[in-house]
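Secondary and tertiary structure notes
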Amino acid sequence: MSQPLSRESRGFPDYELPRLVRLTDNLHGAAFFLMKLLPARHMLDRAAADGRLKPGGTICETTSGTFGLALAMLAAVRGYKLILVSDPAIDEHLHKRLLELGVTLEIVKKPYEIGGFQTARLDRLRAALEANPGSFCPSQYGNADNPRAYAEVAEQIAERLGHVDCLVGTVGSGGSMSGIARFLRHLNPDLHVIGVDTPNSVVFGQPDGKRLLRGLGNSLVPPNVDHRQFDEIHWVGAAEAFLATRRLHQQHALYQGGTSGAAYLVADWWARTHPDRKVVTLFPDEGHRYVASIYNDDWLAALPGWTGVLPEAPQPVAHPSDVRPSWSSYRWDRRTLDEVLAAGTPVARDLAEAA
Amino acid sequence: MRLGTRGNQRKEHGLGQVNGHHGEILQGIFPDDAGRLHRGLVTLPCNIVSSTAVFRPAPGNLVTVPDDKLKAAEAARLTLDSLGLHDQGGHLTVESTIPVGLGMGSSTADVVAAIRAVADAHGAALGADEVARLAVRAETASDSIMHGDLAVLFAQREGIVLEHLGPALPPLEVLSVNTAPGALVDTVKQPPADYDDWEIQAFRPLRGMLRRAIRTGDAALLGRVATASARISQRHLPKPAFEEINAIAASTGALGIQVAHSGTVVGLLFDPRNPATVRRVAEAAARLDTIGLPPALHFRTDAAEVRHVA
């Protein structure tokens, strides 16, 4: 049965799936080493299988986050050339690590007047693809192999935890939450799904703006976000997320990043208010990249809006445009983004109620 | 093969018997350990129907009664050949209580009974894996009934076990409905289901939950897996009144439903360990009657447990 491992099939199978940690009676955390390894590997496998990615070929993508790191790790062991387009906001340690892994990193220096860095990066990506004929672009925001990759996580959850009542996780590309939610709901139509976003992210209807909390939310709405999977949306601010990240470490000894803290804050609240329901929440990456920030008291104290106090519960809002800078929640009810936005702005609702 | 002293151990006649099944708990496409994809299924055994074959070895031709049991005849021929008895013939009779065309394994049961009868007549002990290989050669795709009550993920077009899931499924009480009485599905000639990319991935969590259901004896989890698999099957071989049956199952406290993925039967699954089941089954049967689908069969799958006690 044993066959030599082809270069194209090399990867990190034991690093792809999370460790499942029971935090309380009814709350389970799925703690990833680097969550993006799984969709990155799956997208490359599928592209290699149908010829979009040739042995020794070139991969081009725009990312300044952990998806780039996952691609870089796979490209290094599989012998692909990788061109990543990013902007000056990229973390300096990540930057060095990508270079060490042999990535060609193209940093877009200036934002466009219209569309900002996002559009400037997409332009540079297009140029890179044209300059490298036959290169493959995974495009994680729109590639359906991204959410489909998470069937393996759903398999692990179903095998280890059996029946699950509630899934909580942050939303960025839409892959993990939209993917896992749909697979688990196939086994439990009543699954309650909570998406965690951050103020000034457009994914669930906020106006675009500067965000201090990275790794969730987005300035555009990725096609891979399946809005109809979500029963509830929570918007968590940076200070609260970082404080919750520290609490996750202090109380449960899980050393994770800031998106994990945001997910933990919401999942812990829901699990406490629904003690007879089984909850699982996703912790996307480890804390080592945040030693100088989230895990540094001085850095935290200098944050705008820092209070050092974690709210007990979210502030429910009547519409996404009512969201404040701090933890808010909204009943999404498995609607599309258009359906939610068409439900009216607060002013329109007031007028309707007055009529 | 196994036959050391060929001919010397030949009996006057050999006997082969095998139970039918009631469709599948799970059917789809599954990766093996190396990541290669295989079509596979997990069968729901039904031990109240069976097929029995008797084989009397004789020189010359192979004669089968009734003579339309062509797959069984082919299987008997392949078994003789595999035993090195190329010139040997005989007289094969097959009798079955398994309804034909409903997806209850009638064809495979005839084939397996024939293989066992021929082997028995020649003093050969064939393991389930060998029987499966012969069965697949005789009929292209084969059910996993040669494995008895063992819970296996079986590659029906290769005759191999992809995964041993456990000694048996958790016990179930099954209320059986034939959704298309009179309309026979040619279960053998059907093209394999053309699953899309999402469905192929969705079989993974179903398999994961099934592992847990069998390991922990959790019939409720098994019901969830079966219902999810039935939903995918509905896109490929739709059952009439599927939603109505599903609603009746849900409202009468059933654990879920399962279907024959290449047939017409649907099973409402109940927990035999729950004292409310007697009442719930009666209520479900009455409700099914009102939509014109009176249940034709009612059985339990815990025969394996009873055997363990005895």
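Residues numbered from 1 in each chain as written. Chains lettered and ligands numbered in written order. Predicted model: local features only at pLDDT ≥ 70, side-chain atom pairs only at ≥ 80, totals over all residues. Heavy atoms only, no water.

The name given to chain A in an unreviewed UniProt entry is Pyridoxal-5-phosphate-dependent protein subunit beta, with Azospirillum ramasamyi as the source organism. Under the UniProt heading Cofactor (unreviewed entry), the entry covering chain A gives this text: "pyridoxal 5'-phosphate". (UniProt positions renumbered as here; feature names shortened; annotations may be inferred.)

1. Side note on the packing of helix 6 (residues 242–251) of chain B against helix 7 (residues 277–290) of chain B
Residue and element names in this part refer to chain B. For the pair helix 6 and helix 7, the least separation of the axes is 10 Å and the interaxial angle reads 155°. Judged by the inter-axis angle, helix 6 sits roughly antiparallel to helix 7. Regarding helix 6 and helix 7, the two cross each other, and that crossing is right-handed. In this structure, helix 6 uses Ile245, Ile248 and Ser251 to contact helix 7, whose residues at the interface are Glu283, Ala284, Arg287 and Leu288. (Axes fitted to C-alpha atoms, helices over the stretch in contact; angles between N-to-C directions. Helix = DSSP H or I, 4+ residues; strand = E, 2+ residues; numbered from the N terminus. Parallel < 35°, antiparallel > 145°, perpendicular 65-115°, else oblique. Left-handed = near helix turned anticlockwise from the far one by under 90°. Contact = heavy atoms within 4.5 Å.)

2. Re the UniProt feature "domain: Tryptophan synthase beta chain-like PALP" (unreviewed entry) in chain A
Residues annotated by UniProt as "domain: Tryptophan synthase beta chain-like PALP" (unreviewed entry) correspond here to residues 36–285 of chain A. Span residues 36–285 of chain A is 44% helix and 14% strand, its end C-alpha atoms 9 Å apart.

3. Observations concerning the domain arrangement of chain A
Residues and elements named next belong to chain A. When cut into domains, chain A gives domain 1 (9–35 + 144–339) and domain 2 (54–131). Taken over C-alpha atoms, the centre of domain 1 sits 25 Å from the centre of domain 2. Facing 11 residues of domain 1, the contacting portion of domain 2 comprises 9 residues. Taken together, the links from domain 1 to domain 2 amount to 0 salt bridges. Applying the counting rule to domain 1 against domain 2 returns 1 residue pair in polar contact (both at pLDDT 80 or more). Partitioned by chemical class, the residues of the side of domain 1 that touches domain 2 number 4 nonpolar, 4 polar and 3 charged. (Domains from an automatic or database assignment. Salt bridge = Lys/Arg side-chain N within 4 Å of Asp/Glu carboxyl O. Polar contact = N/O pair within 3.5 Å; in protein donor to acceptor, adjacent residues only side chain to side chain. Nonpolar A, V, L, I, M, F, W, Y, C, P; charged D, E, K, R; others polar.)

4. Regarding the state of the cysteines
Within this structure, the stated rule accounts for 0 disulfides over all chains. The cysteine A:Cys60 is free of any disulfide, with A:Cys137 supplying the nearest cysteine sulfur at 7.0 Å. (Disulfide = S-S within 2.5 Å.)

5. Regarding the packing of aromatic side chains
All told, the structure shown has 11 aromatic pairs over all chains when counted by the stated rule. Here A:Tyr330 and A:Trp332 contribute two aromatic rings whose centre-to-centre distance is 6.0 Å and whose plane-to-plane angle is 85°, an arrangement assigned as edge-to-face. Here the two residues A:Tyr330 and A:Trp332 agree in accessibility, since each one is buried. Ring pairs connect the aromatic residues A:Phe204, A:Phe230, A:Tyr330 and A:Trp332, which therefore count as one cluster. One Lys or Arg, A:Arg182, reaches over the ring of B:Trp198 and ends 3.9 Å from the middle of that ring. (Phe/Tyr/Trp six-rings, centres within 6.5 Å; stacked < 30°, edge-to-face > 60°. Buried < 20%, exposed > 50% of the residue type's maximum accessible area, 1.4 Å probe, protein only. Lys NZ or Arg CZ within 6 Å of the ring centre and 35° of its normal.)

6. Quick notes on the interface of chain A and chain B
Listed by partner, the interface residues are 22 residues for chain A and 19 residues for chain B. Summing both sides of the interface, chain A and chain B together bury roughly 2,000 Å²; the carbon and sulfur share of this comes to 58%. Per-residue buried area on chain A facing chain B is highest for A:Glu159, A:His186 and A:Leu187; these three make up 35% of the total on that side. On the surface where chain A and chain B come into contact, there are 7 salt bridges. When the shortest N-O distance is used, the salt bridge between A:Arg148 and B:Asp197 registers 3.7 Å. Taken together, the connections running from chain A to chain B amount to 9 residue pairs in polar contact (both at pLDDT 80 or more). Contributions of two or more residues to the side of chain A that touches chain B are made by helix 2 (37–49), helix 6 (145–149), helix 7 (151–161) and helix 8 (175–187) of chain A. In terms of residue count, helix 7 of chain A provides more of the side of chain A that touches chain B than any other element does, 8 residues in total. Taken together, the residues that form the side of chain A that touches chain B break down as 9 nonpolar, 6 polar and 7 charged. (Buried area = accessible area lost by both parts, 1.4 Å probe.)

7. Some remarks on the pairing of strand 2 (residues 37–59) of chain B
Residues and elements named next belong to chain B. Looking at chain direction, strand 1 (residues 14–31) and strand 2 are connected through 15 bridges and run antiparallel. Bridge pairing in strand 2 links Leu26 to Val42. What sits between strand 1 and strand 2 in their antiparallel hairpin is a turn of 5 residues, with Gly35 showing a positive phi close to 90°. Looking at chain direction, strand 2 and strand 4 (residues 88–96) are connected through 9 bridges and run antiparallel. The partner of Val54 across the bridge, within strand 4, is Thr93. (Pairing = 2+ DSSP bridges.)

8. Observations concerning helix 3 (residues 66–78) of chain A
Residues and elements named next belong to chain A. Here helix 3 is 13 residues long and its end C-alpha atoms lie 18 Å apart, about the 18 Å a rise of 1.5 Å per residue gives. Of all 13 residues that make up helix 3, 12 are buried, and the element is covered over most of its length. Where helix 3 is concerned, the buried positions are Thr66, Phe67, Gly68, Leu69, Ala70, Leu71, Ala72, Met73, Leu74, Ala75, Val77 and Arg78. Of the surrounding elements, those touching the buried residues of helix 3 are helix 2, strand 3 (58–62), strand 4 (81–86) and helix 4 (92–100). Looking one or two places after helix 3, you find Gly79, whose phi comes out positive at around 75°. (Expected span 1.5 Å × (residues − 1).)

9. Remarks on the environment of A:Val108
Residue and element names in this part refer to chain A. By the element assignment, Val108 lies in the loop between strand 5 (104–107) and helix 5 (116–131). Val108 sits in the buried class, given a relative accessible area of 5%. Residues Val108 and Ala89 lie 19 residues apart in sequence; the distance between their C-alpha atoms is 10.0 Å. In this structure, Val108 is in contact with Val85, Ser86, Asp87, Pro88, Phe117, Ala120, Arg121 and Arg124, ignoring residues within four places of it in sequence.

10. Examining the confidence of the model for chain B
Residue and element names in this part refer to chain B. Averaged over all residues, the pLDDT of chain B is 92; the fraction at 70 or higher stands at 93%. Below a pLDDT of 50 lies the segment residues 1–7, which in the model reaches 14 contacts outside its immediate sequence neighbourhood of four places, other chains included. Segment residues 304–310: pLDDT under 50, and 4 contacts once partners within four positions in sequence are set aside and those in other chains are kept. (pLDDT = per-residue confidence, 0-100.)

11. Some words on the sheet that holds strand 9 (residues 279–283) of chain A
Residue and element names in this part refer to chain A. A sheet is described by the order of its strands in space; here 8 strands give the open sequence 1-2-9-6-7-8-11-10, paired in mixed fashion. Each of the sheet's edge strands pairs with one partner strand only, and the pair in question is strand 1 (19–22) and strand 10 (315–316). Relative to strand 2 (residues 27–31), strand 1 runs antiparallel, the two sharing 4 bridges. When the bridges of strand 2 are listed, Leu20 appears paired with Ala30. Here helix 8 sits on the sheet in contact with strand 6 (166–170), strand 7 (192–197) and strand 9, set at roughly 170° to strand 6.

12. Notes on the side chain of B:Glu163
Residues and elements named next belong to chain B. Here Glu163 is to be found in strand 6 (residues 160–166). The exposure class assigned to Glu163 is buried, which follows from its relative accessible area of 16%. In this structure the side chain of Glu163 is engaged in a polar contact, spanning 2.7 Å, whose partner is the side chain of Arg211. When neighbours within four sequence positions are excluded, Glu163 is seen to be in contact with Ala151, Val152, Leu153, Arg207 and Arg211.

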